[in-house]
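Descriptive analysis of the structure
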Amino acid sequence: MQPEKNEKSSTRKCFCVLIYLVLLSLASFCWINLKRSRWHPQLTICDPQTKAQTDVSVSRLEHLPIASLESMLYEKPNALKPPRTDVLMLTPWLAPIIWEGGFNIDILNAQFHQRNVHVGLTVFAIKKYTVFLQIFIETAEKFFMVGHKVNYYVFTDRIKDIPNITVAEGRQLVVLEVPSYQRWQDVSMRRMEMIRDHSQQRFINEVDYLVCVDVDMKFSDYVGVEILTDVFGTLHPGFYGSSREHFTFERRKQSTACIPPDEGDFYYAGGYFGGTVEEVFKLTNFCHNAMMTDKANHIEAIWHDESYLNKYFLYHKPTKILSPEYLWDNNFGGRDFLKKRRFVAVPKNHNAIRNRRALNDYSRLRAKLKFLG
Ligand code: 5GW
Ligand code: MN
């Protein structure tokens, strides 16, 4: 019985040693792997899953549409010679300010034609302001986005008074019937709400960019794709040279349009803004909501929609700014820096068109005269 017992115990010993060796090699294998992945994390790039992801992004990049311009001849830009030194051409947040001489329209037209860009021009002709439409559209046919696809969106409460104007091929006149408001302030301010609502319901499906302007105006020189960008505002022709204290921002703290005395970049005009439909939706939605908040608090900003627009642009900087070439009033005469007057105010017979506003106009005129010295 003795030798049998000995044999059994030596087999058990062998088995234990074997188990010990297996466990040891397993532990060292794990340890080496752990160390390797800690020291060389980039090795995970070889992981088949990551490799698959890399392949997907490579193929997406490989199938991007290639846009290329045709060969063109034009004057070489000079890094040491700015085209103009008499005006500011770039904001501190690197948005271009659009002045004659600062761009080559042939290059821009080629780029925008390639994208087959479609532009909407919104204009309000409520009550007697329908009288401005004929000249507005006739001059736009001559000067606005010539050669590009254009939709005119005319908001009116007087469908019957809309002149019958034939527009060029690739252009369309769309008349939108909207309610009118009794107070002229509401006529002006509700434009934000109506542009917002129509952006959501229709403009987003029909155009890429919106340009939103006053109707008591005429085009007298070219306005093209140089103005198009995510979101743009326009320097008010009465305040481009003013100091902050002379900007007629809303100053009362109770208003959502309030701008503190030590803030504000430019004084933007209420009658000329635009951008992509998405950005114009955001802008008009902000302005309308701010107006409704103020209305509930029985306060209305000093220059109505213009005050809310200025508040928006203070904290949502425009990606381009139009110079006063794009919004001028010949009552100011000319200026040396003004190489073109592209869009100018049509003189209004205030008594016939809007007699109720005479008092306010007087105070505005005084502000303008003060600025002009
Ligand atoms: C009427 C009386 C006083 C002020 C505005 C109106 C008015 C403005 C109106 O009866 N019907 C109308 O369609 N509007 C729209 O609001 C026009 O598109 C107009 O261009 C815009 C802004 O009003 P404006 O042009 O009189 O304002 P300002 O600051 O250019 O003189
Ligand atoms: Mn106007």
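Residues numbered from 1 in each chain as written. Chains lettered and ligands numbered in written order. Predicted model: local features only at pLDDT ≥ 70, side-chain atom pairs only at ≥ 80, totals over all residues. Heavy atoms only, no water.

A separate point is the packing of aromatic side chains. Under the definition given, this model contains 25 aromatic pairs. For the pair Phe 239 and Tyr 267, a centre-to-centre distance of 4.9 Å together with 55 degrees between the ring planes defines the contact as tilted. Of this pair, Phe 239 sits in the loop between β7 (231–234) and β8 (272–276) while Tyr 267 sits in the loop between β7 and β8, and the two are 28 residues apart along the sequence. Of the residues examined, Phe 239 reaches a relative accessible area of 3% and is grouped as buried. (Phe/Tyr/Trp six-rings, centres within 6.5 Å; stacked < 30°, edge-to-face > 60°. Helix = DSSP H or I, 4+ residues; strand = E, 2+ residues; numbered from the N terminus. Buried < 20%, exposed > 50% of the residue type's maximum accessible area, 1.4 Å probe, protein only.)

What follows concerns the side chain of Thr 234. As for its placement among the helices and strands, Thr 234 is situated in strand β7. Engagement of the side chain of Thr 234 in a polar contact is seen with the backbone oxygen of Tyr 272, the distance being 3.0 Å. (Polar contact = N/O pair within 3.5 Å; in protein donor to acceptor, adjacent residues only side chain to side chain.)

A grouping of Val 17, Tyr 20, Leu 21 and Leu 24 is seen on the molecular surface, where their side chains present a nonpolar patch of about 410 Å² in accessible area. Here Val 17 shows up in helix α1 (residues 2–39). The exposure class assigned to Val 17 is partly exposed, which follows from its relative accessible area of 48%. (Patch = residues over 30% accessible without salt bridge, like charges linked within 9 Å, V, L, I, M, F, W, Y side chains within 5 Å. Areas by Shrake-Rupley, 256 points an atom, 1.4 Å probe, with all protein chains shown as cover. Salt bridge = Lys/Arg side-chain N within 4 Å of Asp/Glu carboxyl O.)

Turning next to the packing of helix α5 (residues 184–206) against helix α6 (residues 277–296). For any two helices packed against each other, the geometry is given by the interaxial angle and the distance between the axes. One way to put it is that α5 packs onto α6 with a least axis distance of 8 Å and a crossing angle of 145 degrees. For the element pair α5 and α6, the recorded crossing hand is left-handed. Among the residues forming the contact of α5 with α6, the class breakdown is 12 nonpolar, six polar and five charged. (Axes fitted to C-alpha atoms, helices over the stretch in contact; angles between N-to-C directions. Left-handed = near helix turned anticlockwise from the far one by under 90°. Nonpolar A, V, L, I, M, F, W, Y, C, P; charged D, E, K, R; others polar.)

What follows covers the pattern of salt bridges. If you walk through the whole model with that rule in mind, you get 19 salt bridges. The residue Lys 348 makes a salt bridge to Asp 216 at a minimum N-O spacing of 2.3 Å. Placement of the pair is Lys 348 in the loop between β10 (343–345) and α8 (350–354) and Asp 216 in the loop between β5 (209–213) and β6 (217–219), with a sequence separation of 132 residues. The class of Asp 216 is buried, set by a relative accessible area of 7%. A salt bridge links Lys 282 to Glu 279; the nearest nitrogen and oxygen atoms lie 2.8 Å apart. One end of the pair is Lys 282 and the other is Glu 279, both in helix α6 and three residues apart, which spans about a single turn. Overall, the relative accessible area of 17% leaves Glu 279 in the buried class.

Purely geometric stuff here, so don't read any function into it on its own.
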